[in-house]
Amino acid sequence: MTFRLVDSHCHLDTEYFPEGPDDALARAVAVGVRGFVVVGVGPDLEPARRAVALARRKPECVSAVVGVHPHNATSLNDEVLGELATLVRMPEVVAVGEIGLDYHYDYSPREVQRAAFARLIDLARQVGKPIVVHTREAASDTIDVLRSSGARDVGGIIHCFSEDRAFAEKAFDLDFDVSFSGIVTFKNAAAVHEVAASAPVHRILVETDSPYLAPVPMRGKPCEPAFVVHVAKRVAALRGVTFEAIAQATTQNAERRFRRSF
């Protein structure tokens, strides 16, 4: 193949892939995906431990990202933060995440989410690693917490980008990239289409967020890393460039942001 891709954000936990992650990874490699950033978040730190173990087992192609999702912000206490700090310092871990704010579901109180977000940004600053941000229906507060907590010091990625151009420009000013998921293939995602078409090419990544948000034409199926090909093709079409050009650019951007080669 003349291209390689990085799925910059995927969840491969056994509740999503009961057979284990290896078959899904193999299917992705068969279609040109060469790198996988596996995110470990959940009600406790077991998903984070599994993500690190997978990255340790497959260092040639997998890196881990660990954190506390805003849904689980109430679980962040000193004990959890202490173990998370140990995990984040491991060489297999390339970022703190996904962390942020989710005002759609409000599974954790908003003030608790904001406090946890700030504590986790501080952890990232302590270890000198970027952050991966989840934001849903919380655009203004997300930017406010990023600014007030000094997130510019480490930068990072707005994953599963679903906001508008104004938000993207504020993120770029804070040294954040934007990562497009299957949402970019949806017909009604006009604001996301605009950002995908116009964002600086050195600021864009692609992801699946598997097992969620399967892209067109795979709607109705559990999403998996192989489907990142469809995301990249849609971004290329929106920008009027070749798929190979987007594959090259987004891979280079992932390698720069996560400070590793795939």
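About the cut-offs
- Residues numbered from 1 in each chain as written.
- Predicted model: local features only at pLDDT ≥ 70, side-chain atom pairs only at ≥ 80, totals over all residues.
- Heavy atoms only, no water.
- Helix = DSSP H or I, 4+ residues; strand = E, 2+ residues; numbered from the N terminus.
- Rg over C-alpha atoms; globule rule 2.2 N^0.38 Å.
- Buried < 20%, exposed > 50% of the residue type's maximum accessible area, 1.4 Å probe, protein only.
- Areas by Shrake-Rupley, 256 points an atom, 1.4 Å probe, with all protein chains shown as cover.
- Lys, Arg positive; Asp, Glu negative; His and termini not counted.
- Charge placed at Lys NZ, Arg CZ, Asp CG, Glu CD.
- Axes fitted to C-alpha atoms, helices over the stretch in contact; angles between N-to-C directions.
- Parallel < 35°, antiparallel > 145°, perpendicular 65-115°, else oblique.
- Contact = heavy atoms within 4.5 Å.
- Nonpolar A, V, L, I, M, F, W, Y, C, P; charged D, E, K, R; others polar.
- Salt bridge = Lys/Arg side-chain N within 4 Å of Asp/Glu carboxyl O.
- Pairing = 2+ DSSP bridges.
- Disulfide = S-S within 2.5 Å.

(A) Highlighting the overall build of the protein. Each helix and strand counted, the protein has nine helices and eight strands in total. Compactness check: the protein gives a C-alpha radius of gyration of 17 Å against a globular reference of 18 Å for 262 residues, within 12% of the reference. The principal-axis extents of the C-alpha atoms in the protein amount to approximately 45 × 40 × 30 Å. Expressed as a percentage of its 262 residues, the buried residues of the protein come to 60%. Roughly 10,500 Å² of accessible area belongs to the protein as shown, and the carbon and sulfur atoms make up 51% of that amount. The positive charge centre, built from 30 side chains, and the negative charge centre, built from 34, are 5 Å apart in the protein.

(B) Molecular detail of the packing of helix H7 (residues 190-198) against helix H8 (residues 228-239). H8 packs onto H7 with a crossing angle of 75 degrees between their chain directions and a minimal axis gap of 8 Å. Relative to H8, the element H7 is oriented roughly perpendicular. Counting all contacts with H7, which are made through His 193, Ala 196, Ala 197 and Ser 198, the residues of H8 involved are Arg 234, Val 235, Leu 238 and Arg 239. When grouped by side-chain class, the residues that make up the contact of H7 with H8 number four nonpolar, two polar and two charged.

(C) Structural view of the pattern of salt bridges. The tally for this structure, following the rule as stated, stands at 20 salt bridges. Arg 27 is paired through a salt bridge with Glu 224; the nearest N and O atoms lie 2.7 Å apart. Separated by 197 residues along the polypeptide, Arg 27 in helix H1 (residues 22-30) and Glu 224 in the loop between strand E8 (204-206) and H8 bring together distant segments of the chain. Residue Glu 224 is classed as buried on the basis of its relative accessible area of 12%. A salt bridge links Glu 194 to Arg 165; the nearest nitrogen and oxygen atoms lie 3.5 Å apart. In this pair, Glu 194 is assigned in helix H7 and Arg 165 in helix H6 (residues 165-173), connecting sequence segments 29 residues apart. Given the relative accessible area of 39%, Glu 194 is considered partly exposed. Linked by salt bridges that have partners in common, Asp 13, Glu 15, Glu 46, Arg 49, Arg 50 and Glu 83 make up one network.

(D) Main features of the sheet that holds strand E3 (residues 62-66). Pairing is parallel across the open sheet formed by eight strands, whose spatial order is E1-E2-E3-E4-E5-E6-E7-E8. At either end of the open sheet lies a strand with only one pairing partner, and these are strand E1 (5-10) and E8. Across the sheet, the axes of successive neighbouring strands diverge by a mean angle of 25 degrees, strand direction being ignored. The pairing of strand E4 (residues 93-102) with strand E5 (residues 131-136) spans six bridges and is classified as parallel. Paired with Ile 99 across the two strands is Val 133, which belongs to E5. Sitting on the sheet, helix H2 (residues 46-57) is in contact with strand E2 (33-40), E3 and E4, with an inclination near 160 degrees to E3. Sitting on the sheet, H8 touches E1, E2, strand E7 (176-180) and E8, and the angle it makes with E8 is about 145 degrees.

(E) Up close: the state of the cysteines. In this structure the tally under the stated criterion is zero disulfides. The closest cysteine sulfur to the non-disulfide-bonded Cys 10 is located on Cys 223, 9.3 Å from its own sulfur. Free cysteine: Cys 160, not disulfide-bonded; nearest cysteine sulfur from Cys 223 at 9.7 Å.

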